[in-house]
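# Observations on chain architecture
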Amino acid sequence: MGQLLQYILNGLAKGSIYSLIALGLVVIYRGTGHLNFAQGEMALFATFGAWWIHDHGVPLLFAITLAAALAFVGGGVIEFGLIRPAGKKSPFAVVVVTIGLFQALNSLSGLLFQGAGTGLPFGTLFPNKPNDFFRLPGDAIWRYENVGVLASVLAITGILFALFQKTKVGLAMRMVANNPDSAKLSGVSTTRILMLSWGISALIGAIGGALVAGINTNVNLATMFGVFLLASAAATLGGLDSPLGAVVGGLSLGVVESLVSNYPKDWWASSYVGADTSVAVAFLIILVVLLVRPAGLFGSSRVERV
Amino acid sequence: MNALLEVRSLRAGYGAVQVLHGFDMRVNEGEVAVILGANGAGKTTTMRAISGMIQRKGSIVFDGEPITRTPPHEIVRMGIAQVPQGRGTFTDLSVADNLRAGAYVHKGIHIESDMREWYDVFPRLSERREQKAGSLSGGEQQMLAIARALMSKPRLLLCDEPSLGLAPIITQELFAILQRLNTENGLTILVVEQNANLAVKIAHSVFVLETGSIVASGTADEIANDDAVRKAYLGY
Amino acid sequence: MPTAIKESSPPHWLARILAVAVLAALALYIASSAKPSTLGNITEACTLAVAAVALNLLLGFNGQISIGHSTFAGLAAFTAGYSVNFWRWNPYVSLAVGLVLCFVLGLALGLPALRLKGPYLALVTLAVAFVWPTIAAKFLDKKVKASTLKGTKLQPPTWTGLTNSRPDRAVFLYWLAVVILVLAYVIVRNLRKSRIGRALVAVRDNETAAAVMGVNLKFTKTVTFGISAAIAGASGWLTAARLDRLDENSFTILNSIKYLLALFLGGAATLAGPIVGAFVYYFVDDYLKTHAPTWHWLPGPISKGPVASFLLGTIVIIFVFIAPFGLVGFIKDQVRRVFVVTPRPLKQAVASPELIEHTSDATAAESSAQD
């Protein structure tokens, strides 16, 4: 029992980061129907930015905040300068731009930050010494760091949901997502809302990147590949246009990954399933879900007309 | 009379295809104007040109201000609200949120009291205020679309084929409401309709649009007495 | 005014024959005079080109995006390495089997593609590409992973007069790569120019309209995925033939991204685009990798970083705006200012009733393609 709890708690911390990046994908997808393949690398670049600022003597929390703020601006600039003009050409052009950005931002990180390839040390915001944990029933432990990551992500998610549901800007974002023409006719500047969506997406990506780097105590050029993939899987699982789906998808994916990588060792004693293949199993589950519900668990499928 | 909307040599279209070939139109303050026309005559294009949803050339003046180059979200602020063809409600949003969306251009505390006012006019919306707009019936959605447009407190309401796909009895109810909005609230309304008989009954002035040009215009009585127009559009 | 040339008229044929002759002469000249290392580079560029050609069939002509093509290359490469080393298979048999496996896996991946739209499909292929190295690492032990077609396993046949010495082997692998690339090109070209090709493009441009016109969506999409996967497999086999060792990181998502960027650079939906793109991509990358570190005008750390990949990623983004059909599209536009090829008049078709049906079908598909 304690062990099960243990694995779930470990999974939730990782899963919360997936859900954060997945939320970033969803925010952009809802606005424009585009999938941002560069989401992970945008977050990576911002995380290197945070490292650089911190390296110049700024406390880590402020460095991350500053980097996230800059990422917010950067996200808006990318939307305005690249995505929007590309979108006027074709949806396909946007795919090309985001794939180009994926490579350009990753290698730009490599160019600007010396030692990025092998990795730069990244501090953590939470106590992570070997005995920094709560003791839970059944010999389970809950590391302060995991508690901290989960709590921060839930707090940010809460703020985002409040923004979507309770504020005027959030209403405008939902209007644009649901019916861009009627949003315009109701006085919403859709262009500004799309810039804002990319800004928010980049901002939460930056926070997600910093949290990952904190857990790894290191940031390198490959840090965000896996996280982005699992986040995109989480968004797919939940439904690309559902923020709630992103959160549920991310958390459950983290837990599934943690359970699959730990349990078979005890249960099946199989050499074929284990830590390395946990990701594969997670993806298999998603594939099955998609075959049954092509728009994900919480996504809405729209009828296409000729 | 004071012209609220004045259109001169309006040309507009989609990409390389020109739909409107330059016509003049004038809607006076406080009146109901109707545009009649067959499918493809350019009725919807006219509406979209006025509300700024498509590129247009010529001149559109609203209340003395030129709006030919103004983007749609600013035109709403100036006091023109459009009920697009096919309702255009926010189907994933609740009825209440749809009304709040309509009031997007306004700030503050009046919004909730405005909402109550329109719930009184459209009691069926009041019963369904927490329901998603997509779950409403066609007639209810049309009411919602109008209520939403009214939430922006427009001086000119554009209605694009409000009767489309509605049962006759609902359509009559709808036109009664439009007429009341005009007489009681003094709202200026420009309606595009295929259901010409009903529309001409509440209209002060009528424009007949054929393949992108206005071929006849006048007061409702004049048009109803014009043999050619009567035969073609009113069917008697 | 550009000069008009009728399609399939003598001048058009002359131009075609001339182009083929020049390319063939160039290939022969390179084989006879280039250093083994240069031949190795060209072989590698051809390998990339084959994968880009595969992707072009799927993405450029059929509109299905795959970020998982590295998986097919990997599958064929490991199949070849394993079967040749442990079952003593003939390497060409291993190629055939690898292609069949890739085709089947492609079909299997094409099946969800029937239900999934745009971004969801991209994410599924992304997932497959991501899972592949993990599976490869888990299921293949070190010995298997390392096994390729090196050394005596794939020797030049005696009729070529080549020995298994290093320079001769380079020539042999070069010809293998050239032949596979030409075959891949011809397959895709013929598919594109045929009735099937018009169906592919119709599906790309408007699925529902294509279905209404009588295109079998399921068949078209899954089989395209299968063929594209098999061609990508051929690229993987070439990798296994050329390299001394492979491991699970030989075919990652970054390879898939490379195929995509090479395709975009040369021009998606053009026949020559993926080949031109792959060669430019490979040689720009190669040149910058060796030369950028010596550029003293660049600050030291930057010149030693991934200059090439930054530049290539950026160029692809810029191309979206200035050359949406890549280098080939750009060159074509320039050529069109001088020569225009006018299509064969439809009158010829009236002669046979069978052809009338064929052409009307085709024009319907093409007209929807312009939507």
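Residues numbered from 1 in each chain as written. Chains lettered and ligands numbered in written order. Predicted model: local features only at pLDDT ≥ 70, side-chain atom pairs only at ≥ 80, totals over all residues. Heavy atoms only, no water.

## Section: the pattern of salt bridges
Pairs can form between side chains of opposite charge whenever their charged atoms are close. What counts, and what does not: In the sections that follow, a salt bridge refers to a side-chain nitrogen of Lys or Arg positioned within 4 Å of a carboxyl oxygen of Asp or Glu. Secondary structure elements are taken from DSSP: a helix is a run of H or I of four residues or more, a strand is a run of E of two residues or more, and numbering for both begins at the N terminus. Relative accessibility thresholds used throughout: buried, under 20% of the residue-type maximum; exposed, over 50%; partly exposed, between the two (1.4 Å probe, protein chains only).
Under the counting rule described, the total for this entry stands at 21 salt bridges over all chains. Between Asp181 of chain A and Arg48 of chain B there is a salt bridge, and its shortest N-O distance comes to 3.8 Å. Taken together, the residues Asp181 of chain A in helix H7 (residues 180-185) and Arg48 of chain B in helix H1 (residues 43-50) connect one chain to another. We classify Arg48 of chain B as partly exposed; its relative accessible area is 22%. Among the salt bridges present, the one from Arg155 of chain B reaches Glu29 of chain B, with a minimum N-O distance of 3.1 Å. Of this pair, Arg155 of chain B sits in the loop between helix H6 (138-150) and strand S7 (156-160) while Glu29 of chain B sits in the loop between strand S2 (17-28) and strand S3 (32-37), and the two are 126 residues apart along the sequence. Take Arg155 of chain B: its relative accessible area is 31%, and that puts it in the partly exposed class. Given the relative accessible area of 32%, Glu29 of chain B is considered partly exposed. One network of salt bridges, in which partners are shared, links Arg174 of chain A together with Asp97, Arg100 and Glu112 of chain B.

## Overview of the nonpolar core
Where we set the bar: Buried Ala, Val, Leu, Ile, Met, Phe, Trp, Tyr and Cys residues form a nonpolar core when they are joined through side-chain atoms within 4.5 Å. Two residues form a contact once any of their heavy atoms are found within 4.5 Å.
Counting 187 residues, the largest nonpolar core has Phe122 and Met175 of chain A together with Ile67 and Trp237 of chain C as its most contacted members. For this core, the leading source of residues is helix H2 (residues 36-61) of chain C, giving 15 residues. Those residues in contact with Met175 of chain A that sit more than four places away from it in its chain are Pro180, Ala183, Ser186 and Val188 of chain A together with Phe90, Leu93, Ala101 and Tyr104 of chain B. Judged by nonpolar contacts, the second largest core, of 52 residues, contains Ala103, Ala133, Ile170 and Ala220 of chain B.

## With respect to the interface of chain C and chain A
To keep it simple, the criterion reads: Classes in brief: Ala, Val, Leu, Ile, Met, Phe, Trp, Tyr, Cys and Pro nonpolar; Asp, Glu, Lys and Arg charged; the others, Gly included, polar.
Residue-level contacts link 46 residues of chain C with 47 residues of chain A. At the boundary of chain C and chain A, one finds 0 salt bridges. Considering every element that reaches the side of chain C that touches chain A, the biggest residue donor is helix H5 (residues 118-139) of chain C, with 13 residues. Here the side of chain C that touches chain A is composed, by residue class, of 36 nonpolar, 7 polar and 3 charged.

That's the geometry; what it means functionally is another story.
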